[in-house]
Structure formats: C-alpha cells, structure tokens
Amino acid sequence: MKNILVILLLSMVFISCTDLEEMNINPNLPTATHPQLLLTNVEWEVFRAYGGTSALYAQKMLVQTDGENSNQYYKWDRGSFGPYSVLRNVTKMIQEAERINDPSYVALGKFFRSYYFYNLTLNFGDVPYTAALKGEIEEEYAPVYDDQEVVFKGILAELEEAETILASQNTIIAGDIIYSGNVLSWRKLINAFRLKVLMTLSPKSESGEIDFSEFNTIFTNSPLMESEAESGQLVFLDQQNNRYPDFNSSGFSSGMYIDSTFIQRLQVRKDPRLFIYCTQTKSAKEAGKAIDDFSSYEGGDPAAPYAEVNQKATQGNVSKVNDRYHRDPVNEPYKLLGYSEQQLILAEAAVRGWISADAEMLYKDGVKASFKFYEMYSEEYSSYVDPEAAMMYLSEPMNDFSKAMSDTDKIELIVMQKYLQSFFQMQWTSFYDHHRTGFPSFRRPTGVEIPYRWIYPQSEYNYNADNVTSAITKQFGAGNDNIHQMTWWIK
C-alpha cells in the first residue's frame, strides 16, 4: 500500500511540474518577435531623444523668470544613463533580425547604437560600450568602461558596417516610420551621421589618433542627402500619442522667455526665422508693430538674476516662445540630422581642406535648406522664408560668405548658421560646437565656467562602483568626477 502511495505522489509531482512549466509560458509575453515590431518603437524613441528645453537654456536661447534654471546658469551635476534602456530594445531588435536572417534591421540597429553611444560619450567621457547590454545573454550586470577613444572608433566602425550592410540590400524595411522602408534614404542618413561624428572629432585632426581621410572617402564614394526632403526626421500626426511632444505643454505659459543674445543674433543678421521662433513683446503688440519689424522682439539677459528678467517680462518687454510650439499638434518634425546640417558640415570640411569642394556653395545650400524647412512647416510664416527671402538674407554683409577673409571667420560663419537653425532642433549640437570651435560664444555671469560634461549617475556608484571609480581615476584622477573635467575628444 505504501508503494502505491509513493507512486501516486511521484506521479502528482511530475504532473504538477509539467503543468507549472506550461503555466510559466505566458502567451502574452512572447520571447521572440519580428524586428519590425521593435523598429517602430525604437525609431520613435531615438528621434525624440535628447529633446526638451534643457539644451536651449544652456545654448542661450531661453531664459527662466519664475526660478533659477540650472542649465541657464551652468549649475547642473548628474546626468542620466537612461539611453541604455532604449538600447536594450535595440539589442533585442538586432537579435531578432539575426534570428530571421534579415540584415537590414541589424544595420539600423548599429546606427541607433552609434547615435546613442555618441551622445553618451559626449555627455560623460568614458562609458560602458563593448561590455554593455549583455545582461540577458552573458549575465554581465557590471560592465567595464571603455576609453572614449575606443567608443568613438567603435561608433565609426559600426556606422561603416551599417552602410556596407544596407548597400547590399534591395528590400523595403517594414515598420519604418522615418523613410517608409527606403534603404537608400537610410544609407544617406547614416553616411551624413558618419560625417558629423568625424567633424565632432575635429580637435583631434592634428593628433593622428583618428583617420580623417575617411571623411573624404564618404564624401566622394557614398550617397548623401540631396535635399531638405531627405532629412532624417520624425513627422508628427494629429493623433493621440503621435502629436508634437510640446503640444499643450503648460511650461510655455509660465516663466519661459527668449534669451536676449539669441534674439540679438537674429536681429543683427536680419534673420526672418526670428518671427517663427518667438512672439513680439507685449509692448510691441500694443504699439501695433508689424510681425516683421525686428524691433518688435526683445529678450531677457541670461546672465542677470532671474528676478530681474521677471520684472522686465512683467513690464511686457520680453518675447516668449512662439505659440506654434505648444498650440500646433504637429508643428514641425524633429530632425535627428537634416540636409541643412549636413551641408554646413561639408562646408566646414571644405574650409578645413578635408574635401575638395566649394565651401561657399555648401554654406548657401545649408542656409537655403533651413529656410525651406520653415517654409514647409510653418505655413503662417512661409512668405518670410521663401527662396527670395533666403537669397536676400545671404546677401546681408553679416551672412555673406565671400566677405569672410580667414578660415576662422568662415568656420565661425558656418557654425553660427548651425546654431541659428537649432531652435528646438539638433539637441546639444551647438553646445559641443562651442567646445570644439569656440563658436558661438555663450553669455553667462562673471566667474561662471561652461561645463564640459555631466557627473556619472548615482546608480553607477550604487551598482557598478568599481568600474565607474576606475573610469574616473583613469580620466580625471581619483574622486574628480565633476562637470569641469575635459574628456579625451576635446583635449
């Protein structure tokens, strides 16, 4: 009788274990999927990354009047490793693409990896790269940090691999909300980004640490964007969860105003994009001044105490951000990298002698493309930025490339145009251009230095202490994880 009971009990255990295994397979949480299902979400996250207003305060485009903004006064501290969360989805997309043998998704995955690691290493310096994102496969939860030089070289290598893969593909990439699956368009964007990464590293052009001949090879042999319509951008729709990110944002109705230095730079150049970026002052409206009257616009001093700027704003003498940025559900696309920026990068390369090309023509192409962008996406103001307006603008002495005598003057002109087209676009590009070239200058209170980086996140000290401590010591000396330390790319 005991033997029968033992057999019955063992049978019940076996059956229970089998049932439990089946129960633990959740049909609503699949372990495999087609990469196209991941691609759409990844693109949405990537093309909206590094958005918001933080960069606009640091780059002297916005001022705050109802409290001190840490970015305006360069008082930030810790940054975020949040991009690694999206990179986990990118990693999964690559794995699924390899499982079904579809290289096009692998190529896009390499591009997205490059984009995120490019921003991460600029933000911090050394970061986990070769050992990162291996938790699910190798159970590696405390990755070592790679030297910034290694990260940049890895980025360039991955971008080249992505271009090589796509060059051999003749297919439509399903799930693509940027280029509707067009492989050639993606190749153009990837190659433009390769140029941007190399231009970012221009401070290393004399050191021999980076092979800058690759720039000319890309320019000569690889497809690049040929018009503003080919820009890498996310177009918004007037549908729930697809609208412009700042639509109906309450932040625009509080203490957010325009920086006086930004307005002055647009005014002295007679730049009609001023009318698109911001509103007339309350005083100018009450006086009946026209929208295209440059004297209708005035900003707040970014170096003054915020209470002082608030008093000026209360008197009706400070412009706010144009209503279109929070009242238009689609407004304008977010550009990850546009044709206009590409042409200005090429113009700078021509000045530096990296490529044989007409720098003035490329500069003009970049400016005209920026005007075209706003003509397409700010219809109410399109007459101010039509082709004729662009040509008139380029003939203004301060914008006339032919009047720039030295290479330094030419680079300043080019970099300034990148800056002027970056309002709510291009994230931190102008901040790093400042560190790279010295242009544009950023007004700030006396004695305040512009940071080079962010402090590593507290989570790294909590869960990856040995590796982050080692990275800090190697880069800056023990305990010197602070915002004023220069990293390899700018030294």
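Remember, it's a predicted structure, so these values are computed and weren't measured experimentally.

On to the pattern of salt bridges. Considering all chains together, one arrives at 27 salt bridges under this definition. The salt bridge partner of glutamate 214 is arginine 194, with a shortest N-O separation of 3.2 Å. Taken together, the residues span a long stretch of sequence, with glutamate 214 in helix α9 (residues 213–221) and arginine 194 in helix α8 (residues 183–200) at a distance of 20 residues. Classification of glutamate 214 by relative accessible area gives buried; the value is 17%. A relative accessible area of 5% places arginine 194 in the buried class. Note that lysine 364 is salt-bridged to glutamate 360, the shortest N-O span being 3.4 Å. Taken together, the residues lysine 364 and glutamate 360, both in helix α16 (residues 359–377) and four residues apart, mark about one turn of the helix.

Time to look at the domain arrangement of the protein. For the protein, the assigned domains are domain 1 (52–69 + 225–450) and domain 2 (81–224 + 455–490). Once you take the C-alpha centre of each, domain 1 and domain 2 turn out to be 28 Å apart. Facing the 27 residues of domain 1 at the interface are 27 residues of domain 2. Note on domain 1 versus domain 2: buried area summed over both sides is about 2,400 Å², and carbon and sulfur give 69% of it. On the domain 1 side of the contact with domain 2, Leu336, Trp354 and Tyr432 bury the most area, a combined 29% of that side's loss.

Moving on: the environment of alanine 132. Relative to the elements of secondary structure, alanine 132 occurs in the loop between α5 (103–124) and α6 (135–138). Residues alanine 132 and leucine 266, 134 residues apart in the sequence, show an inter-C-alpha distance of 43 Å. Not counting chain neighbours up to four residues away, the residues in contact with alanine 132 comprise Tyr84, Phe117 and Pro143.

As a further point, take unusual backbone geometry. With omega at -10°, the peptide bond leading from phenylalanine 439 into proline 440 counts as cis. Within the secondary structure layout, proline 440 lies in the loop between α19 (429–437) and α20 (458–463). Within the chain, lysine 270 stands out as a residue other than glycine whose phi angle is a positive 50°. Among the secondary structure elements, lysine 270 is positioned in the loop between α10 (260–268) and α11 (273–277). Although it is not a glycine, methionine 426 adopts a positive phi angle of roughly 65°. Position of methionine 426 relative to the elements: it lies in the loop between α18 (407–420) and α19. Residue class for methionine 426 comes out buried when judged on its relative accessible area of 5%.

One broad rule of soluble globular proteins: the nonpolar side chains tend to lie buried together. Residues Phe112, Phe117, Trp186, Phe215 and Phe423 are the most contacted members of the largest nonpolar core, which totals 141 residues. With 13 residues, α5 is the single largest residue contributor to this core. For phenylalanine 423, the residues in contact, after removing those within four places along its chain, are Leu56, Met61, Leu62, Ile258, Phe262, Tyr277, Val321, Tyr325, Glu332 and Tyr374. Residues Tyr257, Val309, Ala313 and Val318 belong to the second largest nonpolar core, which totals six residues.

What follows is about α8. When the terminal C-alpha atoms of α8 are compared, their 26 Å separation across 18 residues agrees well with the 26 Å that a helix rising 1.5 Å per residue should span. Across the 18 residues that make up α8, a large majority, 17, are buried. Two to three positions downstream of the cap, the backbone nitrogen of leucine 184 sits 3.0 Å from a side-chain oxygen, assigning the N-cap of α8 to asparagine 182.

Analysis parameters
- Residues numbered from 1 in each chain as written.
- Predicted model: local features only at pLDDT ≥ 70, side-chain atom pairs only at ≥ 80, totals over all residues.
- Heavy atoms only, no water.
- Salt bridge = Lys/Arg side-chain N within 4 Å of Asp/Glu carboxyl O.
- Helix = DSSP H or I, 4+ residues; strand = E, 2+ residues; numbered from the N terminus.
- Buried < 20%, exposed > 50% of the residue type's maximum accessible area, 1.4 Å probe, protein only.
- Domains from an automatic or database assignment.
- Contact = heavy atoms within 4.5 Å.
- Buried area = accessible area lost by both parts, 1.4 Å probe.
- Core = buried A, V, L, I, M, F, W, Y, C linked by side-chain atoms within 4.5 Å.
- Expected span 1.5 Å × (residues − 1).
- Polar contact = N/O pair within 3.5 Å; in protein donor to acceptor, adjacent residues only side chain to side chain.

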